[in-house]
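Understanding the architecture of this molecule
Residues per chain, in single letters:
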Amino acid sequence: MYYSATILRVESISEKMGITTWQVETDRGYARFEILDRENIRRLPGNRVILTDADGNRFEITNTRDLDQRSQNLVFTEV
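Below is a short write-up of the structure. (Residues numbered from 1 in each chain as written. Predicted model: local features only at pLDDT ≥ 70, side-chain atom pairs only at ≥ 80, totals over all residues. Heavy atoms only, no water.)

1. Section: the side chain of Thr-20
Mapped onto the elements, Thr-20 comes out in strand β2 (residues 19–26). A polar side-chain atom of Thr-20 sits 3.3 Å from a polar atom in the side chain of Trp-22. Leave out the neighbours within four places in its chain, and Thr-20 touches Ile-13, Ser-14, Glu-15, Phe-33, Glu-34, Ile-35 and Glu-78. (Helix = DSSP H or I, 4+ residues; strand = E, 2+ residues; numbered from the N terminus. Polar contact = N/O pair within 3.5 Å; in protein donor to acceptor, adjacent residues only side chain to side chain. Contact = heavy atoms within 4.5 Å.)

Pasting the structure below:
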C-alpha cells in the first residue's frame, strides 16, 4: 500500500545532484517529496501525470491544464 494524493498546485521544484524536490499543495494538504529519476514521472493521455517519490508514494496531476499557469510552467520543465 502506498500514499496517493492529487496535486492541485506546485509551489516549487528544485534540483540538486540529479534529485528533484517538489513542494506542492494536494487534496490532502501540503507535501514535499523527492523524485530520484525522471523515469518516476509518467505522462499519460489526457494531460495526466503520475509521479512516484523516493518512498514509493504516488502523486497525480489529473489534468495539467487545470493547474494555474505558474504550476503548469514548473511541471513542464520536468515532464
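2. Some words on the nonpolar core
Core analysis: the biggest nonpolar cluster contains 17 residues, and Ile-7, Val-10, Trp-22, Phe-33 and Leu-51 have the highest contact counts within it. Put simply, the parts of the chain that give this core at least two residues each are β1 (4–16), β2, β3 (29–35), β5 (48–52), β6 (58–61) and α1 (69–78). In terms of residues, this core owes the most to one element, β1, which gives four residues. (Core = buried A, V, L, I, M, F, W, Y, C linked by side-chain atoms within 4.5 Å. Buried < 20%, exposed > 50% of the residue type's maximum accessible area, 1.4 Å probe, protein only.)

3. Considerations on the pairing of β2
With eight bridges joining them, β1 and β2 adopt antiparallel strand pairing. When the bridges of β2 are listed, Val-10 appears paired with Val-24. Between β1 and β2, which pair antiparallel one after the other, the connecting turn spans two residues, and Met-17 there sits at a positive phi close to 55 degrees. Looking at chain direction, β2 and β3 are connected through seven bridges and run antiparallel. Considered in β3, the bridge of Gln-23 is made with Arg-32. Between β2 and the antiparallel strand that follows it, β3, lie two residues. (Pairing = 2+ DSSP bridges.)

4. Regarding the pattern of salt bridges
Inspection of the entire model under this criterion finds three salt bridges. With its nearest N and O atoms 3.6 Å apart, the salt bridge here joins Arg-38 to Glu-78. Remark: Glu-78 occurs in helix α1 and Arg-38 occurs in the loop between β3 and β4 (41–44); sequence separation between them is 40 residues. (Salt bridge = Lys/Arg side-chain N within 4 Å of Asp/Glu carboxyl O.)

5. What about the sheet that holds β3?
Taken together, six strands build an open sheet; the order of strands is β3-β2-β1-β6-β5-β4 and the sheet is mixed. Each of the sheet's edge strands pairs with one partner strand only, and the pair in question is β3 and β4. Taken over all neighbouring pairs, the strand axes of this sheet differ in orientation by 35 degrees on average, direction set aside. Direction of pairing for β1 relative to β6: parallel, over a ladder of three bridges. From the neighbouring strand, Ala-5 faces β6, where its bridge partner is Phe-59. Sheet strands touched by α1: β1, β2, β4 and β6. Its angle to β1, the strand with the most contacts, is close to 65 degrees. (Axes fitted to C-alpha atoms, helices over the stretch in contact; angles between N-to-C directions.)

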